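Overview (structure and organization)
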Amino acid sequence: MVETKVSSKKKRGFYVKMRLLHAKNGRAQEKSCFFKYYKWFLWLSLSLYLFSSYFITNNNPPNKPTSLTKTRVSNAKTILASRALFESTNASHLQESTNDRGLLKDLKIFVYELPPNYNTDWLSNDRCTKHLFASEVAIHRALLNSDVRTFDPYEAHFFFVPVYVSCNFSIINGFPAIGHARTLISSAIQLISSQYPFWNRTQGSDHVFVASHDYGACFHAMEDVAVADGIPGFLKNSIILQTFGVKYKHPCQEVENVLIPPYIPPESVRTTLENFPVTGRRNIFVFFRGKMEVHPKNISGRFYSKRVRTVIWRKFNSDRRFYLRRHRFAGYQSEIVRSVFCLCPLGWAPWSPRLVESVVLGCVPVIIADGIRLPFPSAVNWAEISLTVAERDVGKLGTILEHVAATNLSTIQKNLWDQRNRRALLFNNQVQEGDATWQVLLSLAENMDRSYESSSRASRVSS
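On a predicted model such as this, the values are computed, not experimentally measured, just so you know.

Helix and strand counts for the protein chain stand at 16 helices and 10 strands. Out of the 463 residues belonging to the protein chain, those deemed buried represent 48%. The contacts of the protein chain with a sequence gap of at least 6 include a subset with a gap of at least 24, amounting to 72%. Accessible surface computed for the protein chain: about 24500 Å², of which carbon and sulfur atoms make up 54%.

Have a look at this one:
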């Protein structure tokens, strides 16, 4: 009996020992198997990472904006096509500065020295240099200090006529009154054509004027009146730098023109960005401050903004996603720089200073103005940094912007915050490489064959 008990104890001990040994070996095998697959997984992940890095590096150079032109909206119920979110353009990417300098190297512009009643006398009102039409002042100042300026009119390719017509502010509403524009410019032309031979030899085709008003050289804020009046005959051969531009035929752009941005004081932008960095926190989803009529038909019987702003107010005034204000506020740039999307609807004219303010302060511009042309497309790739919403789709803004925020907002912002966009849309008192006046000069340089000097030189060479 005793031997049997001992034997059974040994067997039970052997059994337990073997079970423990089996369990230990099993875990070892499992652990070995786990490490085997773990190493394989790490190797595969590292290979994919290196391959992806190589592919991205070679297909997206560091200075090239991320492309949005192939973006597709997948939810057809949410976004209607026309309705296209992005304006499709064939604009090239940002131009190389070396090529730009080469274009400007030979450009010569003569600036007429007119009596002060045509320009500098108007500067007694400080607003003359700061309001949205003030590009006429800024371009003049920049040209006076520019390397392209020549004091010899016989070597000039172009002639700049500095007439300030936007500084006559109405005593009724404080807005610039431009009723005197035609008379003042006509008088300036009579003066230069009587004192110099250059206007008469080309009928003004190489002379440059600024018309930074609602409807350009038609010189009226109301489209129907502007169209009826048209561009004065004495300007139809000249080159007009104007803020008005559309993609369809329009009487107020039937002249050789360069589309320029509205004026925003660069010093105000710098001050705002010192306090609110462009990449800082943005706690306003959709922003608009400006005129929004509850009843859009004014006393003249015209519908302001083609009712677009009225729809925005009625539809989204109580929507918490929208920060809408109808009254002026001097510090409104501090609101733009804290906003994700900034609405840029048409007013009386398609363009708006909000377009420039949005870009330079890093807020994605939402352009609501059918057929609008945008300034300097070779320097600012608008399709990559902005959204375009059809006027008829303005009631769907909430859905559209929510969709963009959930998909490719970060890509748009990355492209938008490129400093070259800000530089190209701001005028400075001295020309800076890449700024708005620089872009104007590039446009003129590309059309030097229009000038009398270029054609005369070609004739001398051929003879």
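There is more to say, and it comes next.
This paragraph deals with the confidence of the model for the protein chain. The predicted coordinates should not be examined in detail at positions where pLDDT is low. Averaged over all residues, the pLDDT of the protein chain equals 83, while 75% of them reach at least 70. The low-confidence segment residues 1-35 (pLDDT under 50) makes zero contacts with residues lying over four places distant or belonging to another chain. Between residues 53-95, whose pLDDT stays under 50, and residues either more than four places distant or in other chains, the model counts 68 contacts.

What follows deals with the sheet that holds strand β5 (residues 256-259). Across a sheet, strands are paired by hydrogen bonds formed along the backbone, either parallel or antiparallel in direction. Across the sheet, which stays open at both edges, the five strands sit in the order β1-β2-β3-β4-β5 with parallel pairing between neighbours. Every other strand in the sheet has two partners, leaving β1 (109-111) and β5 as the edge strands with one partner each. Between one strand and the next, the sheet's axes are offset by a mean angle of 30°, whatever the strand orientation. With three bridges connecting them, β1 and strand β2 (residues 158-160) associate as parallel partners. Looking at β2, one finds that Ile 109 is bridged to Phe 158. Seen against the sheet, helix α3 (residues 135-144) touches β1, β2, β3 (207-211) and β4 (239-242) and runs at an angle of roughly 115° to β1.

Moving on, we get to the state of the cysteines. Under the definition given, this model contains three disulfides. Each sulfur in the disulfide pair Cys 128 and Cys 167 lies 1.7 Å from the other. Handedness here is read from the sign of the S-S torsion; for Cys 128 and Cys 167, about 65°, the answer is right-handed. Remark: Cys 167 occurs in the loop between β2 and α4 (181-195) and Cys 128 occurs in the loop between β1 and α3; sequence separation between them is 39 residues.

Right, let's talk about the pairing of β4 for a bit. Because side chains alternate across β4, one face comprises the buried residues Ile 239 and Leu 241, and the other comprises Ile 240 and Gln 242, equally buried. Of the strand pairs in this sheet, β3 and β4 are connected by four bridges, and their pairing is parallel. Across the sheet, Val 210 pairs through a bridge with Leu 241, a residue of β4. The parallel pair β3 and β4 is bridged by helix α6 (residues 223-229), and the resulting crossover is right-handed.

Looking now at α3. Among the 10 residues of α3, eight are classified as buried, and the element is accordingly described as predominantly covered. For α3, the full list of buried residues reads Ser 135, Glu 136, Val 137, Ala 138, Ile 139, His 140, Ala 142 and Leu 143.

What follows concerns the layout of surface pockets. For the largest pocket, the calculated volume is near 1900 Å³. Lining the largest pocket are 50 residues, and of these Leu 132, Phe 175, Pro 176, Arg 328 and Pro 353 lie nearest its centre. Secondary-structure elements contributing two or more residues to the lining of the largest pocket are α7 (266-275), β6 (284-289), α9 (333-336) and α10 (353-360). The element best represented in the lining of the largest pocket is α10, accounting for three residues. The residue inventory of the lining of the largest pocket, partitioned by class, reads 23 nonpolar, 12 polar and 15 charged.

Not every positive phi belongs to a glycine, and Ser 305 is a case in point at roughly 60°. Looking at the element boundaries, Ser 305 is found in the loop between β6 and α8 (308-316). Under the relative-accessibility criterion, Ser 305 is labelled buried at 0%. Of note, the phi angle at Arg 307 is positive, near 70°, even though the residue is not glycine.

Next up on the list: the sheet that holds β6. Spatially, five strands are ordered β7-β6-β8-β9-β10 in an open sheet, and the strand pairing comes out parallel. Edge positions in the open sheet fall to β7 (322-325) and β10 (387-388), since each of these has one partner strand only. Sheet topology places strand β9 (residues 364-368) next to β10; two bridges connect them, and they run parallel. Of the residues in β10, the one forming a bridge with Ile 367 is Thr 388.

Criteria and cut-off values
Residues numbered from 1 in each chain as written. Predicted model: local features only at pLDDT ≥ 70, side-chain atom pairs only at ≥ 80, totals over all residues. Heavy atoms only, no water. Helix = DSSP H or I, 4+ residues; strand = E, 2+ residues; numbered from the N terminus. Buried < 20%, exposed > 50% of the residue type's maximum accessible area, 1.4 Å probe, protein only. Contact = heavy atoms within 4.5 Å. Areas by Shrake-Rupley, 256 points an atom, 1.4 Å probe, with all protein chains shown as cover. pLDDT = per-residue confidence, 0-100. Pairing = 2+ DSSP bridges. Axes fitted to C-alpha atoms, helices over the stretch in contact; angles between N-to-C directions. Disulfide = S-S within 2.5 Å. Right-handed = clockwise from strand over helix to strand, strands pointing away. 1 Å grid on protein atoms, 1.4 Å probe; cavity = no way out; pocket = protein on both sides within 12 Å on 5 of 7 lines; lining within 4 Å. Points joined across faces, edges and corners; volume = space filled by probe spheres on them. Nonpolar A, V, L, I, M, F, W, Y, C, P; charged D, E, K, R; others polar.

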